[in-house]
Amino acid sequence: MDSWAIAQAKKEEYQLTGKTGEEEMDFADREEEEDDRASYDQEEEEAEEEKVPMTRTLEPEIGFLLLDEEGHPDRSVMIDHVPFSIGHGSGNDLVLDDLSVARNHCIIDEAEGKYYLNDLGSGTGTYVDGKRTDNALLERGMHIFLGASELIVER
């Protein structure tokens, strides 16, 4: 049992009985408990700082060519982190100005060097090469339709 846990046990015993073991809780015990708690709090803060972020930065290996309404290239977008979110909501990594696209339509994720598209339960669905899908392994040249928006996978 670490010193903070021991101090907590002493405190609980004191609160129940007014004594710690055979002795009353004195000033030194209270001071030690406060020191232990401060040390414990500092350890928790350091552990929080060391947590790995949920977003992973990547060397851009895959991207999308967005097509305009006439099917002409509009712009190119590289995937530089995962998960990479796509939708018409402003909080997405790729925001599509298309109300037929869900606010949070889909995400792109990576595993073992391969990229996957995962639909997030959008109402209009996600179509890859003309077939509706909930998830797909992305390969160069694939055509992805999100609502009325078309993207072509590039590498």
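Cut-offs applied
Residues numbered from 1 in each chain as written. Predicted model: local features only at pLDDT ≥ 70, side-chain atom pairs only at ≥ 80, totals over all residues. Heavy atoms only, no water. Helix = DSSP H or I, 4+ residues; strand = E, 2+ residues; numbered from the N terminus. Areas by Shrake-Rupley, 256 points an atom, 1.4 Å probe, with all protein chains shown as cover. Buried < 20%, exposed > 50% of the residue type's maximum accessible area, 1.4 Å probe, protein only. Pairing = 2+ DSSP bridges. Lys, Arg positive; Asp, Glu negative; His and termini not counted. Salt bridge = Lys/Arg side-chain N within 4 Å of Asp/Glu carboxyl O. Polar contact = N/O pair within 3.5 Å; in protein donor to acceptor, adjacent residues only side chain to side chain. Contact = heavy atoms within 4.5 Å.

(A) Inspection of the overall build of the chain at higher detail. Helix and strand counts for the chain come out as 2 helices and 11 strands. Ordering the α and β elements of the chain from the N terminus gives α-α-β-β-β-β-β-β-β-β-β-β-β. Accessible area for the chain stands at about 10300 Å²; split by element, carbon and sulfur atoms hold 47% of it.

(B) Region of interest: the pairing of strand E11 (residues 149-154). Burial analysis of E11 places 5 of its 6 residues in the buried class, the great majority of the element. Pairing analysis gives 4 bridges linking strand E10 (residues 143-146) to E11, with the strands arranged antiparallel. Across the sheet, residue Ile-144 finds its bridge partner in E11, namely Leu-151. Turn length for the E10-E11 hairpin, with the two strands adjacent in sequence and antiparallel, is 2 residues, and the turn residue Gly-147 shows positive phi of about 60°.

(C) Seen up close, the side chain of Asp-98. Positionally, Asp-98 belongs in the loop between strand E4 (94-95) and strand E5 (106-111). As a buried residue without a salt bridge, Asp-98 has its nearest oppositely charged side chain in Arg-75, at a separation of 11 Å. For Asp-98, the side chain forms a polar contact with the main-chain nitrogen of Ala-148, separated by 3.0 Å. Leaving out residues up to four positions away in the same chain, Asp-98 has contacts with His-88, Leu-146, Gly-147, Ala-148 and Ser-149.

(D) Summary view of the pairing of strand E3 (residues 84-87). Burial along E3 is two-sided: the face carrying Phe-84 and Ile-86 and the face carrying Ser-85 and Gly-87 are both buried. Note: E3 against E5, 3 bridges, orientation antiparallel. From the neighbouring strand, Ile-86 faces E5, where its bridge partner is Cys-106. Pairing of E3 with E4 involves 2 bridges; the strand directions are parallel. If you follow Gly-87 over to E4, its bridge partner there is Val-95.

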